[in-house]
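# Structural description and commentary
Chain residues, written in single-letter form:
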Amino acid sequence: RAPVQLRFRCRGESRKPLGIFSAMAKKSKVLKQKKAPKDFEKDKRKVGKKKKAAQNDTKTDFKVRQINMPAQSVLVEKGEEVTHRKLGLLELLAHVQHHSPKVRRESFQGLRELCTLHEGVLRSNLARIIDATATAPIDAHAEVRSAFTDFQAWLISTVSRITIVSFASTFAL
């Protein structure tokens, strides 16, 4: 079959032929289009080109943003009753149960400092302090036990005897 020649013109232009295209050219363009890659066939890439990601590839990248909430600042919730290390009563009581013996030892020193600087803390939270420190006498580390003994001796000398009598069962004497 011989190729058919077609002439094309654009509207509004002179009657000059723009080009001669054959019907076979259209078929060759269709054949040149990329076919779907066959399974287990290695794609040939040009030098310097990166490998294209697979269609079923999972994207695992993520972005992290920080949110600033000045109304919920940790410093606002602590109030004025803090140690020189800016630790409040709740943080110090949490540090009594910390996994590090150094932090547990420093928590007793901080409790003593806090109660010395702010006398109202000891009066209003005595039961909470004694309950939180009740397991310290059986601590595995000697430095924690000695810090607790010093704190308890200071506590007994500071608080009145009438108040101590109500907590006598929890004191390690």
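The preceding data block contains the structure.
One structure accompanies this document, and this report is about it. Predicted, not measured: the structure shown is a model, and the values here were computed from it.

Ranked by size, the top nonpolar core spans 25 residues in total, and within it Phe108, Leu111, Leu122 and Leu155 carry the most contacts. If you tally residues by element for this core, the top one is helix H7 (residues 142-158), at six residues. Among all residues touching Phe108, those that are not within four sequence positions of it are Val96, Thr133, Ala136, Val144, Ala147, Phe148 and Phe151.

At a closest axis distance of 8 Å, the pairing of helix H4 (residues 101-117) and H7 adopts a crossing angle of 15 degrees. For the element pair H4 / H7, the angle class is roughly parallel. In the packing of H4 onto H7, the handedness of the crossing is left-handed. Contacts from Pro101, Lys102, Arg104, Arg105, Phe108, Leu111, Arg112, Cys115 and Thr116 of H4 reach H7 at Glu143, Val144, Ala147, Phe148, Asp150, Phe151 and Trp154.

The next subject is the side chain of Thr83. Mapped onto the fold, Thr83 is located in the loop between helix H2 (74-78) and helix H3 (89-95). Take Thr83: its relative accessible area is 5%, and that puts it in the buried class. Contacts of Thr83, omitting those with residues within four sequence positions, involve Leu92, Gly110, Glu113 and Leu114.

Here H7 is 17 residues long and its end C-alpha atoms lie 24 Å apart, about the 24 Å a rise of 1.5 Å per residue gives. Taken as a whole, H7 has its buried residues at Val144, Ala147, Phe148, Phe151, Gln152, Trp154 and Leu155. What you see down the axis of H7 is that its buried residues fit within an arc of 165 degrees, all on one side. Where H7 is buried, its residues touch H4, helix H5 (119-124), helix H6 (126-132) and helix H8 (161-165).

Moving on to the pattern of salt bridges. For the structure shown, the criterion picks out four salt bridges. Put simply, Glu106 and Arg105 hold a salt bridge, and the shortest N to O gap is 3.9 Å. You can call Glu106 partly exposed: its relative accessible area is 23%. Among the salt bridges present, the one from Glu143 reaches Arg105, with a minimum N-O distance of 4.0 Å. Taken as a pair, Glu143 in helix H7 and Arg105 in helix H4 lie far apart in primary sequence, 38 residues in all. A residue is classified by how much of its surface remains accessible, and Glu143, at 34% relative accessible area, is partly exposed. Take Arg105: its relative accessible area is 24%, and that puts it in the partly exposed class.

Cut-offs used in this document
- Residues numbered from 1 in each chain as written.
- Predicted model: local features only at pLDDT ≥ 70, side-chain atom pairs only at ≥ 80, totals over all residues.
- Heavy atoms only, no water.
- Core = buried A, V, L, I, M, F, W, Y, C linked by side-chain atoms within 4.5 Å.
- Buried < 20%, exposed > 50% of the residue type's maximum accessible area, 1.4 Å probe, protein only.
- Helix = DSSP H or I, 4+ residues; strand = E, 2+ residues; numbered from the N terminus.
- Contact = heavy atoms within 4.5 Å.
- Axes fitted to C-alpha atoms, helices over the stretch in contact; angles between N-to-C directions.
- Parallel < 35°, antiparallel > 145°, perpendicular 65-115°, else oblique.
- Left-handed = near helix turned anticlockwise from the far one by under 90°.
- Expected span 1.5 Å × (residues − 1).
- Arc of directions from axis to C-beta.
- Salt bridge = Lys/Arg side-chain N within 4 Å of Asp/Glu carboxyl O.

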